[in-house]
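Structure assessment
Single-letter residue listing:
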Amino acid sequence: MRTFLREALGRLAGGAALALAAVVAGGSAPAAAAEVDGQERHVVRDPHFGDSLFYFYQQRYFTSLTNLMASQQFGRVAHHVDEAEVLRGGLYLSYGLHREAAEIFTRLIEQGAPPAVRDRAWYYLAKIRYQRGLLAQAEEALGRIKGPLPPDLQEDRGLLQANLLMARGDYAAAAEVLQPLVAAGKDALYARYNLGVAWIKSGNVPRGSEMLDEIGVLPATSEEFRSLGDKANVALGFAALQNKDPERARVYLERVRLSGMMANKALLGFGWAADALGRPKDALVPWTELTGRDASDAAVLEAKLAVPYALGELEAYSQALDEYRGAIQTFDHESASLDESIAAIRAGKLLEDLLASNPGEEMGWFWNIDRLPQMPHAGHLVEVLALHQFQEEFKNYRDLQFLAKNLRDWAGNLGIIEDMLANRRQAFAERLPQVQVMARNTGIGKLEKQRDELAAELARAQEQSDGVVFADAKERALRVRLERVRATLERDGADPQLTGASERYRRVAGAMSWQLAQQFPVRLWDAKKDFRQLALELERARARDADLARAQREEPAHFDQFAARIAALQLRIQALIPRVTALLELQREAVQEMAVAELEAQKERLTVYTIQARFAVAQIYDRAGLAKESGHAPGP
Amino acid sequence: MINRRWRMFAAGVAVGWAAMTAAVAADEPTSAAGKPEVSDLDGRIQDVKSEVIQLNRDLLVLEEELLFPANTQVAVFVSMDVGKLFVLDSVQVKLDDKEVANYLYTPAEVQALHRGGVQRLYLGNLRAGSHELVAFFTGKGPYDRDYRRGATVKFDKATDPKYIELQITDSTGKIQPEFAVKVWQ
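Per chain, the residues get numbers from 1 upward, laid out in the order the sequence is written. Labels follow written order: the first chain is A, the first ligand is 1, and so on. Predicted model: local features are reported for residues with pLDDT of at least 70 only, side-chain atom pairs are reported and counted for 80 or more only, and whole-chain, interface and lining totals are derived from all residues.

1. Here's the deal with the overall build of chain A
Comment: elements are numbered from the N terminus, with helices defined as DSSP H or I runs of at least four residues and strands as E runs of at least two. Counting secondary structure elements, chain A contains 23 helices and two strands. Residue burial in chain A is summarised as follows: out of 636 residues, 38% are buried. Each residue is classified by how many other C-beta atoms fall within 10 Å of its C-beta atom, where C-beta atoms are placed from the backbone; a count of 20 or more means buried, 12 or fewer means exposed, and values in between mean partly exposed.

2. A look at the overall build of chain B
Secondary structure summary: chain B contains three helices and eight strands in total. Moving toward the C terminus, one meets the helices and strands of chain B in the order α-α-β-β-β-α-β-β-β-β-β. Evaluated residue by residue, chain B yields a buried proportion of 24% over its 185 residues.

3. Regarding the sheet that holds strand 7 (residues 162-171) of chain B
A pair of strands counts as paired when DSSP detects no fewer than two bridges linking them. Taken in spatial order, the four strands make up an open sheet running 4-1-7-8 (chain B), and their pairing is mixed. Each edge of the open sheet is held by one strand with a lone partner, namely strand 4 (119-125) and strand 8 (176-184) of chain B. Within this sheet the neighbouring strands show an average axis-to-axis angle of 15 degrees, counted without direction. Two strands pair when backbone bridges link them, and strand 7 of chain B and strand 8 of chain B are joined in this way by nine bridges, in the antiparallel orientation. Bridge pairing in strand 8 of chain B links B:Tyr163 to B:Trp184. Contact between two residues is assigned whenever their backbone-derived C-beta positions fall within 7 Å. Here, axes are lines fitted to C-alpha atoms. For helices the fit covers the stretch in contact, and angles between N-to-C directions go from 0 to 180 degrees. Packed onto the sheet, helix 2 (residues 47-56) of chain A meets strand 1 (73-81), strand 4, strand 7 and strand 8 of chain B and runs at close to 125 degrees relative to strand 4 of chain B. Here helix 3 (residues 107-114) of chain B sits on the sheet and contacts strand 1 and strand 4 of chain B; the angle it forms with strand 1 of chain B, its principal contact strand, is near 85 degrees.

4. Examining the confidence of the model for chain B
Residue and element names in this part refer to chain B. As a per-residue measure, pLDDT reflects the predictor's confidence and takes values from 0 up to 100. With 79% of its residues at a pLDDT of 70 or more, chain B has an overall mean of 81. In the predicted structure, residues 1-37 sits below a pLDDT of 50 and forms 54 contacts with residues beyond four places in sequence or in another chain. Complex prediction metrics read pTM 0.73 and ipTM 0.85.

5. Considering the packing of helix 6 (residues 115-131) of chain A against helix 7 (residues 135-143) of chain A
All names here are of chain A. The contact between helix 6 and helix 7 brings their axes to 8 Å, and the two run at 170 degrees. On the basis of the axis angle, helix 6 is roughly antiparallel to helix 7. Across from Trp 122, Leu 125, Ala 126, Arg 129 and Tyr 130 in helix 6, the residues of helix 7 making contact are Leu 135, Gln 137, Ala 138, Ala 141 and Leu 142. Charged residues are taken to be Asp, Glu, Lys and Arg, nonpolar residues to be Ala, Val, Leu, Ile, Met, Phe, Trp, Tyr, Cys and Pro, and polar residues to be all remaining types, Gly included. In the contact of helix 6 with helix 7, the residues fall into eight nonpolar, one polar and one charged. For classification purposes, an angle smaller than 35 degrees is called roughly parallel, one larger than 145 roughly antiparallel, one from 65 to 115 roughly perpendicular, and anything else oblique.

6. Considering the nonpolar core
All names here are of chain A. Within the largest apolar cluster, 171 residues are counted, with the highest numbers of intra-cluster contacts made by Ala 101, Leu 125, Ala 126, Ala 174, Leu 178 and Ala 198. No other element matches the 13 residues that helix 23 (residues 499-629) contributes to this core. Residues within four places of Leu 178 in sequence aside, it is in contact with Gly 158, Ala 162, Ala 191, Asn 194, Leu 195 and Ala 198. Put simply, a nonpolar core is buried Ala, Val, Leu, Ile, Met, Phe, Trp, Tyr and Cys residues tied into one set by C-beta atoms within 7 Å.

7. Considering helix 11 (residues 205-217) of chain A
Residues and elements named next belong to chain A. In this scheme, a helix's expected span is set at 1.5 Å multiplied by one less than its residue total. Spanning 13 residues, helix 11 covers 18 Å between terminal C-alpha atoms, matching the ideal 18 Å at 1.5 Å per step. Within helix 11, burial applies to Gly 208, Ser 209, Met 211, Leu 212, Ile 215 and Gly 216. On an axial view of helix 11, the arc spanned by its buried residues comes to 160 degrees, and they lie on one face. Turned more than 90 degrees away from the buried face of helix 11, the exposed residues are Pro 206, Glu 210 and Val 217. On its buried face, helix 11 is in contact with helix 10 (189-201), helix 12 (223-242) and helix 13 (246-254). Each direction from the helix axis to a C-beta atom contributes to the arc, which is the arc of those directions.

8. Overview of the pairing of strand 5 (residues 129-140) of chain B
Pairing geometry for strand 2 (residues 87-95) of chain B and strand 5 of chain B, over eight bridges, is antiparallel. Its bridge partner being in strand 5 of chain B, B:Val91 is matched across the sheet by B:Phe137.

9. Here we look at the sheet that holds strand 3 (residues 98-104) of chain B
All names here are of chain B. Strand order in the open sheet formed by four strands is 3-2-5-6, and the pairing between neighbours is antiparallel. In the strand order of this sheet, the two ends are held by strand 3 and strand 6 (146-157), each with one partner. Within this sheet the neighbouring strands show an average axis-to-axis angle of 15 degrees, counted without direction. In terms of strand pairing, strand 2 meets strand 3 through six bridges, oriented antiparallel. Across the sheet, the residue bridging to Gln 92 is Asn 102, located in strand 3.

10. Quick word on the confidence of the model for chain A
All names here are of chain A. Averaged over every residue, the pLDDT of chain A is 84; the share at 70 or more is 89%. Between the elements of chain A, mean pLDDT differs from a low of 38, seen in helix 1 (residues 2-25), to a high of 96, seen in helix 3 (residues 61-74). With pLDDT under 50 throughout, residues 1-19 is counted as low confidence; its partners more than four residues away or in other chains account for 42 contacts. Note that residues 25-38 has pLDDT below 50 and, in this model, 27 contacts with residues that lie over four places away or in other chains.

11. What about the packing of helix 6 of chain A against helix 8 (residues 151-167) of chain A?
Residues and elements named next belong to chain A. Two numbers describe how helix 6 lies on helix 8: the axes approach to 11 Å, and their chain directions differ by 40 degrees. Here helix 8 runs oblique to helix 6, going by the angle between their axes. Relative to helix 8, the crossing made by helix 6 is left-handed. The residues of helix 8 that touch helix 6, namely those facing Arg 120, Tyr 123, Ala 126, Lys 127 and Tyr 130, are Leu 153, Arg 157, Leu 160 and Leu 164. A crossing counts as left-handed when the near helix is turned anticlockwise from the far one by less than a right angle, and as right-handed when that turn is clockwise.

12. Let's talk about helix 9 (residues 171-184) of chain A
Given 3.6 residues per helical turn, the α-helix brings residues three or four places apart onto the same face. Residue and element names in this part refer to chain A. With 14 residues, helix 9 ought to run about 20 Å at 1.5 Å a step, and its terminal C-alpha atoms sit 20 Å apart, in line with that. Among the residues of helix 9, Tyr 171, Ala 174, Ala 175, Val 177, Leu 178, Leu 181 and Val 182 are the ones counted as buried. Those residues of helix 9 that are buried are in contact with helix 8 and helix 10.

13. Some remarks on the pairing of strand 6 of chain B
Residue and element names in this part refer to chain B. Counted residue by residue, strand 6 has zero buried out of 12 residues, so it is predominantly exposed. Relative to strand 6, strand 5 is paired through 12 bridges, and the arrangement is antiparallel. The residue bridging Val 134 from the neighbouring strand is Thr 152, located in strand 6. The hairpin turn running from strand 5 into strand 6, its antiparallel successor, is five residues long, and Tyr 143 in that turn takes a positive phi close to 60 degrees.

See the structure below:
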């Protein structure tokens, strides 16, 4: 059963996936994209844009969208401005937010985005307008596209244009639009399918049938296309029956897979084709097979009547009578089961179970129901669950659940952030006096004075080439000793014992001066370098001091601003929570009633079938009565 | 009886054709003639969705401004260019010898990186000055061998936010993966 539902849903999800993937795949210039394992790869020039893509590619669209919007707010996607907008518009569209998406695309066009971006924006605007039933405006938007769209969108564009033309009954023009798409690629199955339909509806039945026939026999590469082939064959089969060509109908219907979602319809039609050929016995084969299948399918219920009808045709009245009685019992039983299902749905069991058995991390376009709920007679719900409208309404319900949780989480987190701010404010108030004391004692002014003195000394030394200024400790000690020697020589210079000493002093003092002069350029360079570093550090210290002073002045105001923002956001959250809760309840009822309406329709169908079966039973009894009166009992 | 059955059959034909046309456009408008644009309930739901999305943006902005102010903010990103020679399992990041991130990747995340997504692995705060970042990449290298490599970068943090990207690339010449660190200016 799960497979059955999947078949029905696969195409919906597939179509949506292609469309949204194209938002990004087509988003870059050709040079900026590369192929990775058959998928387009984006070249990212702003890491924060890449961050949104990281979540986008994981189908976590809510995170992708909100991160993207935050990054746009911070101005962090400067190299991807237009792309970011196209992505944002596409994501809005995926959540059914047509108005916002349309605003984004319109703005892109008005602001003179590059032609490729403008063309894509026109395409999405056309799509939005089409989905909203604004057909003329959608055609107008499509007409504004000047160049070719990215390959993924190009076929969609053609299909959209053909759908618009078919919607206003211009099937011939639709066929003209579709023909090049069909010619362009053998895989353009949906285009071929639509072309077949367009031809048939424009009166060219043979050509349309031929096209659908081709699809019907095409070796399909995927389940989606196999399912499309089945649909083509069923449609052709029933069309042939309607045109009183049962032989042809059998050919088409025989091609339908017995396990696919169209199998029951095909079996029913196959039986009718045999009957139309005057072979009710042959009709019994598919119909009997059908009666053994799940009774929640309309074709199966119809077969419950078709089998006794065929038996009647074969004049097996007694068996026909039994079959009709069996059918009435089945219908009664099904009707009771439907009542149980309706009661379970109204008790909330359906949505509860659908949510539990179809989990998903975020709101999302790709998300689809692919498991039936664990409830009695879940088979009744296959058709309704496969309805596009039901899927959309249920998605809205699930999205609301997600939003409710998102708001609850933020309400809690914002409380924590508020506490954090309060702690920070308190810590600031506690530390401020100590910091102020420290700031007063840093002595930056004194240090700056020393720096200036050093600068002057350095300038003087450079001007006078004074190597002595740069003498190291050892040299300075040596110079002190030399000074002492010089003083001694001056005082006791006449002493004969010091005759040689004067000469030695002269040589050593000369060597010292020479050494200092030699070292002067290197030492001057080193000193200047050290001085620059010192000046820099002092500047930083001064800047930190200024920051500190500014923080002391401004930080309380910052705290107040943050507190005000938190309070405003908390208010928005608290205002949204009851709105979401109320909408959740309304949407729950709407979704449930949609399912109930479908089941009520099934019940009405059962009532009609029951009346028909009872009427047939009465007819058989009538015939039996007439036969008895005329002396002939009904046949075996 | 036969007439009645054929009437039912005709209904079946209608279903067949409806099924056929329904297959062509899943997102077709329910009524081409112009259905009401959106139901009241649907309109209200879309309004609320839009408001919550805007609210989330404002909350994210507030959170970042408060917890990771621009003057101390540092963000570490992971990106992968091709990445055929390396199957990423995990990344560990140390900032100034302190582990700040240790992340294990799911196949979906690795695929997202392959397609050009860039993961913000870490968002934190650093003082102005010189810092060192060390990253260790663990996974499977060529010939399905266990692979662990490191990359290091020293950088200066000033008063602007600092973005550091850990890049995994394929060196086709060496037939080895390469791990580089890019500091965004």
